[in-house]
Amino acid sequence: MTPRTPRAAITATGLRKSYRDHVVLDGVDLDIPTGTIFSLLGPNGAGKTTMVKILSTLIGADGGRASVLGHDLARDPDAVRAAIGVTGQYSAVDGLLTGEENLMLMARLRRLGRAPARRRTAELLERFDLVDAARKPASTYSGGMRRRLDLAMTLVGDPGLIFLDEPTTGLDPRSRRGMWEIIRDLVAGGVTVFLTTQYLEEADQLADRIAVLDRGRFVAEGTAAELKRRVPGGHVRLRFADRDGLDTAVRTLGGARDDEALALQVPADGGVASLKALLDRVDAAAIAVEELTVHTPDLDDVFLSLTGHTSADTTDTTTHDQQKAVSR
Ligand SMILES: Nc1ncnc2c1ncn2[C@@H]1O[C@H](COP(=O)(O)OP(=O)(O)O)[C@@H](O)[C@H]1O
Ligand SMILES: [Mg+2]
C-alpha cells in the first residue's frame with residue numbers, strides 16, 4: 001500500500017533545543033512542500049546537524065512539534081524513520097567493506113530479500129558511477145566516491161525525503177558539481193531534500209527555499225532571489241569616453257561618480273527590467289557608454305547583511321540582540 005503523499009513534507013513549529021544553558025535552536029518553524037529542496041544555511045555550530053537529528057528522530061527536541069511526511073515526530077517516530085533517509089555529516093560507510101558489500105548490508109538491514117537486494121545494489125552502483133570500484137574496499141575510495149556511496153546507501157530504502165547534512169563539505173569543485181547533479185536528479189524523481197550547507201553558492205544553486213540559521217533562529221527565509229533582493233549593494237557601473245559623458249550621465253542618472261576612472265556607479269537590483277530602464281535613459285540622453293558592468297549581490301552579501309558577520313566567521317562577538325536588530 002502506498003500512503004497518500006502529504007503536500008507538506010515537513011512542518012514544524014517552535015522547535016527548541018538546548019545543551020545545558022547553550023541554546024542551539026530557539027523556536028524554529030518549518031513548512032517544506034514535497035518535491036522541493038529546502039536548504040538550511042548556516043556557519044559551523046549554527047545548529048544544522050541538531051535540526052537534522054531532531055527531524056530524523058535521532059534526538060528529541062526540548063519543545064515544539066513537527067510532522068515529517070504526515071507522521072508526527074513525537075507520536076510516530078517509527079513511521080518517520082521508515083519514510084526518510086539520512087546522510088550524515090560523518091559517513092555511514094564502512095571502510096573495510098567494499099562498495100557493493102556496504103550496499104548489500106544496507107539493503108538487508110532494510111529487510112530486502114537476497115535477490116531484490118542484489119538488484120537494488122547493482123542499480124545503485126550503476127547510477128552512482130561506482131561499478132568499477134564496486135569490489136574495492138571503501139577505504140580506498142576518494143572523498144567524492146565515498147559521498148556517492150553514502151548517498152546510494154541512503155537511497156536503498158527508497159525514501160520520500162532525504163536529509164543531506166553538508167553533503168559536499170570538503171569535496172573538490174568537480175566532485176561538488178557531481179553531487180549537485182545527483183541531488184537535482186533525486187528531486188526530479190520526486191524526492192524531497194532537506195539540505196544543510198555552509199556554502200552560500202550551494203544553496204543558491206540547488207534550493208527552492210533557503211533559511212539562514214544563526215544563533216538558534218532563522219534570520220531570513222525565502223528563495224535565493226528574495227534573499228538577494230533584501231540586500232543593498234547591487235549596482236551598475238558605467239564607464240565613459242570623456243568627462244562630458246560622465247557629467248551628462250551624472251545629471252541624468254545621479255549616482256556616485258569616479259572622476260579618475262570616468263565612471264559612474266548607479267544603484268540597481270541587477271534585474272533585466274531595471275537594467276533596460278537605465279539603458280533607455282542613457283540612450284535618450286545620447287550618452288556614449290564605453291563599458292558597463294553589473295554587480296549582483298550574492299548570498300555572501302546576504303549573510304553579511306543579515307547577520308552582521310560573514311558565514312565563515314564563527315568567532316564573531318556581535319551579541320544576539322544586535323543580530324536580531326540587523327535582521328528586522
Ligand atoms: N551532544 C552535544 N552536547 C553539547 N553540545 C552540543 C552537542 N551537540 C551539538 N552541540 C553544540 O550545539 C551547537 C550546534 O551544533 P551543530 O548542530 O552540530 O551545528 P552545525 O551542524 O550547524 O555545525 C554547537 O555549538 C555544538 O557545540
Ligand atoms: Mg553539522
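Quick notes on the rules
- Residues numbered from 1 in each chain as written.
- Chains lettered and ligands numbered in written order.
- Predicted model: local features only at pLDDT ≥ 70, side-chain atom pairs only at ≥ 80, totals over all residues.
- Heavy atoms only, no water.
- Helix = DSSP H or I, 4+ residues; strand = E, 2+ residues; numbered from the N terminus.
- Buried < 20%, exposed > 50% of the residue type's maximum accessible area, 1.4 Å probe, protein only.
- Contact = heavy atoms within 4.5 Å.
- Areas by Shrake-Rupley, 256 points an atom, 1.4 Å probe, with all protein chains shown as cover.
- Expected span 1.5 Å × (residues − 1).
- Near = heavy atom within 4 Å.
- Polar contact = N/O pair within 3.5 Å; in protein donor to acceptor, adjacent residues only side chain to side chain.
- pLDDT = per-residue confidence, 0-100.
- Phe/Tyr/Trp six-rings, centres within 6.5 Å; stacked < 30°, edge-to-face > 60°.
- Patch = residues over 30% accessible without salt bridge, like charges linked within 9 Å, V, L, I, M, F, W, Y side chains within 5 Å.
- Salt bridge = Lys/Arg side-chain N within 4 Å of Asp/Glu carboxyl O.
- Pairing = 2+ DSSP bridges.
- Axes fitted to C-alpha atoms, helices over the stretch in contact; angles between N-to-C directions.
- Parallel < 35°, antiparallel > 145°, perpendicular 65-115°, else oblique.
- Left-handed = near helix turned anticlockwise from the far one by under 90°.
- Nonpolar A, V, L, I, M, F, W, Y, C, P; charged D, E, K, R; others polar.

A.B. asks: For the overall build of the chain, give the residues involved together with the corresponding values.
C.D. replies: Broken down by element type, the chain carries 12 helices and 14 strands. Out of the 328 residues in the chain, the part that is buried amounts to 43%. Counted over contacts in the chain with a minimum sequence separation of 6, partners at least 24 positions apart contribute 65%. Approximately 16800 Å² of the chain is accessible, and the part contributed by carbon and sulfur atoms is 49%.

A.B. asks: Residue-level account of helix α10 (residues 272-284), with values.
C.D. replies: Taking 1.5 Å per residue as the helical rise, α10 with its 13 residues ought to reach 18 Å, and the 18 Å between its terminal C-alpha atoms agrees with that figure. Looking one or two places after α10, you find Ala-286, whose phi comes out positive at around 55 degrees.

A.B. asks: Describe the site of ligand 1, listing the residues and the values that go with them.
C.D. replies: In the vicinity of ligand 1, the contacting residues are Tyr-19, His-22, Val-24, Pro-43, Asn-44, Gly-45, Ala-46, Gly-47, Lys-48, Thr-49 and Thr-50. Between Ala-46 and ligand 1, the recorded distance is 3.1 Å, taken from a backbone N or O atom to an oxygen atom. In the model, an oxygen atom of ligand 1 is placed 2.5 Å from a nitrogen or oxygen of the Thr-50 side chain. Of all the secondary structure elements, the ones that give two or more residues to the shell around ligand 1 are β2 (22-33) and α1 (48-55). In terms of residue count, the dominant contributor to the shell around ligand 1 is α1 (three residues).

A.B. asks: With reference to specific residues and values, describe the confidence of the model for the chain.
C.D. replies: Model confidence for the chain is summarised by a mean pLDDT of 87, while 89% of its residues fall at 70 or above. When pLDDT is averaged over each helix and strand of the chain, the minimum, 34, is found for helix α12 (residues 320-327) and the maximum, 97, for strand β4 (residues 63-68). Within the model, pLDDT remains below 50 along residues 314-328, and this stretch shows 24 contacts once partners closer than five positions in the same chain are excluded.

A.B. asks: Run through the packing of aromatic side chains, naming residues and quoting values.
C.D. replies: Under the criterion given, the structure shown has two aromatic pairs. Both rings, one in Phe-38 and one in Phe-194, keep their centres 5.3 Å apart while their planes meet at 40 degrees; by these two values the pair is tilted. Here Phe-38 is found in strand β3 (residues 37-41), whereas its partner Phe-194 is found in strand β8 (residues 192-197), with 156 residues between them in sequence. Since its relative accessible area comes to 3%, Phe-38 is described here as buried. Arranged with centres 5.3 Å apart and planes meeting at 55 degrees, the rings of Phe-163 and Phe-194 form a pair that is tilted.

A.B. asks: Can you tell me about a nonpolar patch on the surface, naming the residues and giving the values?
C.D. replies: A cluster of nonpolar residues, Leu-279, Leu-292 and Val-294, forms a patch on the protein surface that exposes about 200 Å² of accessible area. When you line up the elements, Val-294 lands in strand β14 (residues 289-295).

A.B. asks: Just give me the short version of the pairing of strand β13 (residues 263-267), but keep the residues and values in it.
C.D. replies: Looking along a regular strand, one sees side chains alternate from face to face of the sheet. Pairing analysis gives five bridges linking strand β11 (residues 235-240) to β13, with the strands arranged antiparallel. Its bridge partner lying in β13, Leu-238 is registered against Leu-264. In this structure, strand β12 (residues 256-258) lies alongside β13, joined through three bridges in antiparallel fashion. Within β13, the residue paired with Arg-257 across the bridge is Leu-264. Hairpin connection from β12 to β13: four residues lie between these consecutive antiparallel strands, with Leu-262 at a positive phi of about 55 degrees.

A.B. asks: Hey, could you go over the packing of helix α3 (residues 99-109) against helix α4 (residues 114-127) for me, with residue numbers and the actual values?
C.D. replies: Remark: α3 packs on α4, axes separated minimally by 9 Å, with the N-to-C direction vectors making an angle of 135 degrees. Accordingly, the angle class assigned to the pair α3 and α4 is oblique. Seen along the crossing, α3 lies across α4 with a hand that is right-handed. Mapping the contact onto sequence places Gly-99, Glu-100, Leu-103, Met-104, Ala-107 and Arg-108 in α3 and Arg-114, Ala-117, Arg-118, Thr-121, Leu-124 and Leu-125 in α4. For the contact of α3 with α4, the residue count by class is six nonpolar, two polar and four charged.

A.B. asks: Just give me the short version of the pattern of salt bridges, but keep the residues and values in it.
C.D. replies: Under the definition given, this model contains 18 salt bridges. Between Arg-81 and Asp-78 there is a salt bridge, and its shortest N-O distance comes to 2.7 Å. Placement of both Arg-81 and Asp-78 in helix α2 (residues 77-83) is noted, with a separation of three residues, approximately one turn of the helix. Exposure remark for Arg-81: the relative accessible area of 38% places this residue in the partly exposed category. Where Glu-123 meets Arg-120, a salt bridge forms, and the shortest distance between an N and an O atom there is 2.4 Å. Residue Glu-123 and its partner Arg-120 are both found in helix α4; the two are separated by three residues, about one turn of the helix. Classification of Glu-123 by relative accessible area gives partly exposed; the value is 43%.

A.B. asks: Residues and numbers for α3, please.
C.D. replies: Every buried residue of α3 is accounted for by Gly-99, Glu-100, Asn-102, Leu-103, Met-104 and Ala-107. Downstream of α3 by one or two residues, Arg-111 has phi in the positive range, about 65 degrees.

A.B. asks: Tell me about the side chain of Lys-48, and name the residues and values.
C.D. replies: Within the secondary structure layout, Lys-48 lies in helix α1. A polar contact is formed between the side chain of Lys-48 and the side chain of Glu-166, at a distance of 3.5 Å. The contacts of Lys-48, once residues within four sequence positions are left out, are Leu-40, Leu-41, Gly-42, Pro-43, Glu-166, Thr-196, Thr-197, Gln-198 and Leu-213.

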